[in-house]
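# Close look at the chain arrangement
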Amino acid sequence: MYVPEHFMPSEDAVRDLLTNQQASDLVTVTAQGLLSTLLPFEYAPDTGEHGALIGHMARGNDQWKEPAQGEALVIVRGPEAYVTPSWYATKQEHHRVVPTWNYMTAHVYGQLVIHDDPVWTESQIRRLTDRHETGYAEPWSVDQAPAKFIERQLRAVVGVELVISRIEAKFKLSQNQPQENVEGVIAGLEARGQADDAAVAAAVCAHNPHVSAS
């Protein structure tokens with residue numbers, strides 16, 4: 001990944017992105033070519049030297065059956081948004097501005113381990129479910145479903161674990177713009193209110209040095 005120095009996040013910021021990720025893309029190189037599946041992962045920071053991403057996929061998915069050649073890749077994405085140059089204060093001065101895209105992402109590389117083990121997979125599913133059910137008035141848990149039904153569901157999936165060897169991360173949040181343009185981006189995102197706009201505005205406030213300096 002191309003990561004200019006000003007778009008390079010801190011280790012704590014990357015850890016936070018991995019901890020709070022939604023669904024991510026698992027990509028493997030196999031004898032059949034590139035294979036990819038969108039999966040929800042959980043970050044396990046205490047596994048191995050650099051942590052691991054744990055998840056599960058359908059047993060009928062060919063990706064887990066095809067041995068990965070070399071490292072596997074999980075593409076983790078945070079909030080993202082289009083940035084119009086109309087939000088830049090400098091547009092009124094010289095018009096030497098162009099549109100761009102603000103985003104947060106991490107390319108997580110490592111060894112892919114398959115867990116064809118219902119006990120391991122059930123533990124992973126419980127952990128994943130508990131995180132995403134937090135905040136509901138009546139959170140659902142695995143124990144609410146009949147045990148025999150859960151047993152059948154577990155036979156239909158296999159566990160996957162990416163033991164992390166390295167991470168390349170990029171937080172592109174208008175760090176290359178002067179303070180007046182950054183302020184315009186934040187105001188524009190908050191006013192537009194589409195999709196991830198509020199989350200991106202908050203990320204700019206948290207990670208752009210021009211904001212902390214203001």
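Note: the structure precedes this text.
This report concerns the structure included in the present document. (Residues numbered from 1 in each chain as written. Predicted model: local features only at pLDDT ≥ 70, side-chain atom pairs only at ≥ 80, totals over all residues. Heavy atoms only, no water.)

## Quick notes on the overall build of the protein chain
Scanning the protein chain from terminus to terminus reveals 6 helices and 7 strands. With the C-alpha coordinates of the protein chain rotated into their principal frame, the extents come out at 65 × 45 × 30 Å. Across the 214 residues that make up the protein chain, the buried fraction comes to 43%. Intrachain contacts of the protein chain at a sequence separation of at least 6 include 76% that bridge at least 24 residues. Of the roughly 11600 Å² of accessible surface on the protein chain, a fraction of 52% belongs to carbon and sulfur atoms. Side-chain charges of the protein chain comprise 16 positive and 28 negative groups, with the mean position of each set lying 5 Å from the other. (Helix = DSSP H or I, 4+ residues; strand = E, 2+ residues; numbered from the N terminus. Buried < 20%, exposed > 50% of the residue type's maximum accessible area, 1.4 Å probe, protein only. Contact = heavy atoms within 4.5 Å. Areas by Shrake-Rupley, 256 points an atom, 1.4 Å probe, with all protein chains shown as cover. Lys, Arg positive; Asp, Glu negative; His and termini not counted. Charge placed at Lys NZ, Arg CZ, Asp CG, Glu CD.)

## As for the nonpolar core
With 38 residues, the main nonpolar core has L26, L53, V74, V76 and V108 as its most contacted residues. Counting only elements with at least two residues in this core, the list comes to α1 (11-19), β4 (52-58), β5 (72-83), β6 (100-115), β7 (157-172), α4 (179-192) and α5 (197-207). Element by element, the count of residues in this core is highest for β7, at 6 residues. Look past the residues within four positions of V108 in its chain and what remains in contact with it is L18, L53, A72, L73, V74, V76, L162, I164, R166 and I167. (Core = buried A, V, L, I, M, F, W, Y, C linked by side-chain atoms within 4.5 Å.)

## Some remarks on α4
Helix length check: α4, at 14 residues, gives a terminal C-alpha distance of 20 Å against a target of 20 Å (1.5 Å per residue), a fit within 8%. Those residues of α4 that fall on the buried side of the exposure criterion are N181, V182, G184, V185, I186, G188 and L189. Once α4 ends, the next one or two residues include G193, with phi positive near 65°. (Expected span 1.5 Å × (residues − 1).)

## Here we look at the side chain of T105
Relative to the helices and strands, T105 is located in strand β6. T105 gets classed as buried once you look at its relative accessible area, which sits at 10%. A polar side-chain atom of T105 sits 2.8 Å from the main-chain carbonyl oxygen of V76. Beyond its immediate stretch of four places on either side in the chain, T105 contacts M1, L17, I75, V76, R77, E168, A169, K170 and F171. (Polar contact = N/O pair within 3.5 Å; in protein donor to acceptor, adjacent residues only side chain to side chain.)

## Things to note about the environment of R192
If you trace the backbone, R192 turns up in helix α4. Classification of R192 as partly exposed rests on a relative accessible area of 26%. On a C-alpha basis, the gap between R192 and R155 in space is 46 Å, while along the polypeptide they are 37 residues apart. Those residues in contact with R192 that lie beyond four places of it in its chain are A81, Y82, W87 and D197.

## Things to note about the pairing of β6
As paired elements, β5 and β6 share 10 bridges and run antiparallel to each other. When the sheet's bridge partners are listed, E80 is paired in β6 with Y103. (Pairing = 2+ DSSP bridges.)

## Concerning the packing of α4 against α5
It is at 8 Å that the axes of α4 and α5 come closest, and there the two elements cross at 155°. It follows from the interaxial angle that α4 and α5 lie roughly antiparallel. Crossing of α4 over α5 shows left-handed handedness. Only D197, V200, A201, V204 and C205 of α5 make contact with α4, whose side of the interface consists of V182, I186, L189, E190 and R192. For the contact of α4 with α5, the residue count by class is 7 nonpolar, no polar and 3 charged. (Axes fitted to C-alpha atoms, helices over the stretch in contact; angles between N-to-C directions. Parallel < 35°, antiparallel > 145°, perpendicular 65-115°, else oblique. Left-handed = near helix turned anticlockwise from the far one by under 90°. Nonpolar A, V, L, I, M, F, W, Y, C, P; charged D, E, K, R; others polar.)

## A word on unusual backbone geometry
What is expected of a backbone is that most residues other than glycine have negative phi and most peptide bonds are trans. Unlike most non-glycine residues, S174 shows phi in positive territory, near 65°. Structurally, the position occupied by S174 is in the loop between β7 and α4. The phi dihedral of A195 falls on the positive side, at around 40°, and the residue is not glycine. Given a relative accessible area of 84%, A195 falls into the exposed group.

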